[in-house]
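Coordinates in review
If you want the building blocks of each chain, they are given just below.
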Protein chains: 2
Amino acid sequence: MALEHAILVSLLEKPGSGYELARRFERSIGYFWTATHQQIYRVLKRMEGDGMLAVREVPQQGRPDKKEYSVAAPGRAALSQWLHEPVEPESLRHDLAVKIRGAAFDDPAALVREVERHRQAHADRLAHYLAGQVRDFTGPEAPAPLDAGQELQHVVLRGGIAYERMTIAWLDDVLATLHRLAERPPHARG
Amino acid sequence: MALEHAILVSLLEKPGSGYELARRFERSIGYFWTATHQQIYRVLKRMEGDGMLAVREVPQQGRPDKKEYSVAAPGRAALSQWLHEPVEPESLRHDLAVKIRGAAFDDPAALVREVERHRQAHADRLAHYLAGQVRDFTGPEAPAPLDAGQELQHVVLRGGIAYERMTIAWLDDVLATLHRLAERPPHARG
DNA sequence: TCCTCCTATGCAACGAGTTGCATAGGCAAG
DNA sequence: CTTGCCTATGCAACTCGTTGCATAGGAGGA
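Reading the values: the criteria
Residues numbered from 1 in each chain as written. Chains lettered and ligands numbered in written order. Predicted model: local features only at pLDDT ≥ 70, side-chain atom pairs only at ≥ 80, totals over all residues. Heavy atoms only, no water. Least-squares fit on C-alpha atoms with pLDDT ≥ 70 in both. Contact = heavy atoms within 4.5 Å. Near = heavy atom within 4 Å. Helix = DSSP H or I, 4+ residues; strand = E, 2+ residues; numbered from the N terminus. Nonpolar A, V, L, I, M, F, W, Y, C, P; charged D, E, K, R; others polar. Buried < 20%, exposed > 50% of the residue type's maximum accessible area, 1.4 Å probe, protein only. Domains from an automatic or database assignment. Buried area = accessible area lost by both parts, 1.4 Å probe. Salt bridge = Lys/Arg side-chain N within 4 Å of Asp/Glu carboxyl O. Polar contact = N/O pair within 3.5 Å; in protein donor to acceptor, adjacent residues only side chain to side chain. Phe/Tyr/Trp six-rings, centres within 6.5 Å; stacked < 30°, edge-to-face > 60°. Lys NZ or Arg CZ within 6 Å of the ring centre and 35° of its normal. Arc of directions from axis to C-beta. UniProt positions renumbered as here; feature names shortened; annotations may be inferred. Core = buried A, V, L, I, M, F, W, Y, C linked by side-chain atoms within 4.5 Å.

- Looking at an unreviewed UniProt entry, one finds chain A named PadR family transcriptional regulator, with Streptomyces bambusae as its source organism.

This is the structure we're talking about:
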């Protein structure tokens with residue numbers, strides 16, 4: 001399971017509380033692995049019990065105290081072992097593709113709005129990634145030269161950017177197809 | 001949950017047994033939604049109990065009898081309703097990206113083989129999709145003109161093709177980055 | 001003959017992921 | 001002063017997904 005490993009990587013990059021991890025999983029790490037706070041708290045507790053993580057109670061002012069987690073030696077070893085094992089190339093899980101095929105048994109034109117909504121969401125994500133790229137890697141505020149960790153974070157971000165661009169282009173293809181089908185004379189429809 | 005809906009779409013395209021569905025989920029529908037036979041049998045049973053599907057025992061010769069499922073009226077209504085509801089744009093779940101970021105705390109060069117393996121898997125899938133595209137949609141054996149259902153299947157397949165091409169290009173980027181890091185003098189490493 | 005693979009269906013156990021809810025102090029807007 | 005949002009942690013119930021195993025007849029090769 002990769003949630004444990006994603007947490008190890010994130011805590012090696014910077015120790016933090018369950019709450020902070022949950023926020024990182026809404027951006028950064030979350031670009032390619034999502035998790036809710038409930039899931040994170042549960043796994044943190046288990047990993048602490050397994051000795052993979054160390055905890056430190058941090059009192060705070062004006063806000064609740066937090067438990068700051070960091071990676072212990074066994075956690076680092078577990079991550080290292082996983083890095084040296086092969087993982088399966090993952091498959092897509094794409095609701096929208098199911099809907100598109102399902103539209104053949106319903107009204108294809110009714111999908112246009114839904115597809116446009118998805119296109120907008122992906123365009124927003126792309127803009128967000130591009131801003132992050134300038135801020136952290138290519139802009140004047142970015143460190144230069146980048147260290148190995150930053151180079152690796154950058155190449156992952158480039159993957160996210162490529163994914164969003166590809167998806168937007170495909171959704172345009174989908175929209176063009178839906179419009180073409182809508183303009184067909186009824187006798188030519190499936 | 002989209003497995004139910006993927007099953008409805010697949011059974012509308014063509015009725016079949018749990019076993020046949022499982023095979024379709026290894027290709028076709030499975031390009032963008034995966035499921036094992038255990039999962040499929042369990043969901044088929046539940047959907048039958050809910051009245052979404054009709055079953056017919058089909059005796060066979062030289063092989064075990066099968067239960068052929070087809071979509072009943074309530075199933076069709078449930079699919080239609082889902083098609084008219086918005087779904088969330090999905091997020092990626094990418095083990096390999098977690099590994100790449102984790103490599104900063106291990107040996108980046110050790111990842112090269114793993115990335116090459118993934119590249120090969122994606123190249124194989126791409127070749128498979130392209131062959132299917134020629135066979136079913138663009139080649140001399142393909143029906144012409146395509147009906148609406150086939151047009152929609154084709155645009156979904158084009159999405160799969162675009163995804164694999166993008167992924168291969170990104171993995172080449174990853175490999176180039178890993179090689180660049182390996183050639184750095186040690187003092188410049190993170 | 002034995003071994004393996006293919007069709008075909010299924011149970012049991014577990015781990016992963018989602019949804020809803022609860023607590024509790026501080027802060028800011030109306 | 002109440003309403004709602006932010007930080008911070010967590011439980012409970014449920015569904016989804018994976019893994020291992022079981023059954024059983026037929027086909028084909030060593």
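1. With respect to the relation of the copies chain A and chain B
- Placing chain A over chain B gives an RMSD of 0.1 Å and needs a rotation angle of 180 degrees, together with 0.0 Å of translation along the axis. Taken together, the turn and the small shift mark the pair as related by a two-fold rotation axis. Closest approach to the rotation axis within chain A is made by the C-alpha atom of Met166 of chain A, at a distance of 3.4 Å.
- Comparing contact sets, 100% of the residues at the interface of chain A also lie at the interface in chain B, consistent with an isologous, same-surface contact.

2. Quick notes on the protein's contact with DNA strand D
- In the vicinity of DNA strand D there are 23 residues, among which Tyr19, Gln60, Lys67 and Arg93 of chain A together with Arg42 of chain B approach most closely.
- Mapped onto the surface near DNA strand D, the elements with two or more residues apiece are helix H2 (18-24), helix H3 (37-49) and strand E2 (66-71) of chain A together with helix H3 (37-49) of chain B.
- Of all the elements, H3 of chain A adds the most residues to the surface near DNA strand D, at five residues.
- Residue composition of the surface near DNA strand D, grouped by class: four nonpolar, nine polar and 10 charged.

3. Digging into the environment of Asp107 of chain B
- Looking at the element boundaries, Asp107 of chain B is found in the loop between helix H5 (95-102) and helix H6 (112-138).
- Relative accessible area serves as the criterion here: at 40%, Asp107 of chain B is assigned to the partly exposed category.

4. A few points about the domain arrangement of chain A
- Each assigned domain of chain A is listed with its residue range as follows: domain 1 (2-83) and domain 2 (95-188).
- Here domain 1 of chain A and domain 2 of chain A have C-alpha centroids that lie 29 Å from each other.

5. Quick word on the interface of chain A and chain B
- Each side of the interface is counted separately: chain A has 69 residues, and chain B has 69 residues.
- Overall, the association of chain A and chain B removes approximately 7100 Å² of surface from exposure, summing both partners, and the carbon and sulfur fraction of that is 63%.
- Our count for the contact surface shared by chain A and chain B stands at seven salt bridges.
- A salt bridge links Arg101 of chain B to Glu13 of chain A; the shortest N-O distance between them is 2.8 Å.
- Linking chain A with chain B are 32 residue pairs in polar contact (both at pLDDT 80 or more).
- Put simply, the parts of the chain that give the side of chain A that touches chain B at least two residues each are helix H1 (2-13), helix H4 (73-83), helix H5 (95-102), helix H6 (112-138) and helix H7 (148-183) of chain A.

6. What to know about the side chain of Lys99 of chain A
- Position of Lys99 of chain A relative to the elements: it lies in helix H5.
- For Lys99 of chain A, a relative accessible area of 0% gives the class buried.
- Side-chain polar atoms of Lys99 of chain A contact the backbone oxygen of Trp82 of chain B, separated by 3.3 Å.
- Beyond its immediate stretch of four places on either side in the chain, Lys99 of chain A contacts Leu111 and Glu114 of chain A together with Trp82, Leu83, Glu85, Pro86 and Val87 of chain B.

7. Regarding the packing of aromatic side chains
- A complete count under the given rule lists one aromatic pair over all chains for this structure.
- On the basis of an interplanar angle of 85 degrees and a centroid distance of 6.3 Å, the ring pair of Tyr163 of chain A and Tyr163 of chain B is categorised as edge-to-face. Here Tyr163 of chain B lies in helix H7 (residues 148-183) and Tyr163 of chain A lies in helix H7, a pairing that spans two chains. Accessibility assignment for this pair places Tyr163 of chain A and Tyr163 of chain B in one class, buried.
- The aromatic ring of Trp33 of chain B is capped on one face by Arg93 of chain A, whose charged end is 4.9 Å from the ring centroid.
- A cation over an aromatic ring shows up here: Lys99 of chain A above the ring of Trp82 of chain B, its NZ or CZ 5.3 Å from the ring centre.

8. Quick look at H4 of chain A
- Looking only at H4 of chain A, the buried set comprises Gly75, Leu79, Trp82 and Leu83 of chain A. All buried residues of H4 of chain A project into a common sector of 100 degrees when viewed along the axis, lining one side. Of the residues in H4 of chain A, the exposed ones pointing more than 90 degrees away from the buried face are Ala73 and Gln81 of chain A.
- Where H4 of chain A is buried, its residues meet H1 and E2 of chain A together with H5 of chain B.

9. Describing unusual backbone geometry
Residues and elements named next belong to chain A.
- For the bond from Ala144 to Pro145, the omega torsion is -5 degrees, close enough to zero to count as cis.
- Along the polypeptide, Pro145 turns up in the loop between H6 and H7.
- Of note, the phi angle at Ser28 is positive, near 45 degrees, even though the residue is not glycine.
- Locating Ser28 in the fold gives a position in the loop between H2 and H3.

10. Quick word on the pattern of salt bridges
Residue and element names in this part refer to chain A.
- All told, the structure shown has 23 salt bridges over all chains when counted by the stated rule.
- Glu164 is the partner of Arg125 in a salt bridge, and the nearest nitrogen-oxygen pair spans 3.6 Å. You can see Arg125 sitting in helix H6 and its partner Glu164 sitting in helix H7, a full 39 residues away along the chain.
- For Glu164, a relative accessible area of 1% gives the class buried.
- Where salt bridges share partners, they join Lys99, Glu114 and Arg117 into one cluster.

11. Section: the UniProt feature "domain: Transcription regulator PadR C-terminal" (unreviewed entry) in chain A
- Taken from the UniProt record, the annotation "domain: Transcription regulator PadR C-terminal" (unreviewed entry) applies to residues 92-178 of chain A.
- When the span residues 92-178 of chain A is considered, its composition is 76% helix and 0% strand, and the gap between its end C-alpha atoms is 22 Å.

12. A word on the nonpolar core
- Ranked by internal contacts, the top residues of the largest apolar core, which has 45 residues, are Ile100 of chain A together with Ile7, Phe25 and Leu53 of chain B.
- Counting residues per element, this core draws most heavily on helix H1 (residues 2-13) of chain B, at eight residues.
- When neighbours within four sequence positions are excluded, Phe25 of chain B is seen to be in contact with Leu3, Ala6, Ile7, Gly30, Trp33, Thr34, Ala35 and Ile40 of chain B.
- With 44 residues, the next largest nonpolar core counts Ala2, Leu3, Ala35 and Leu152 of chain A among its residues.

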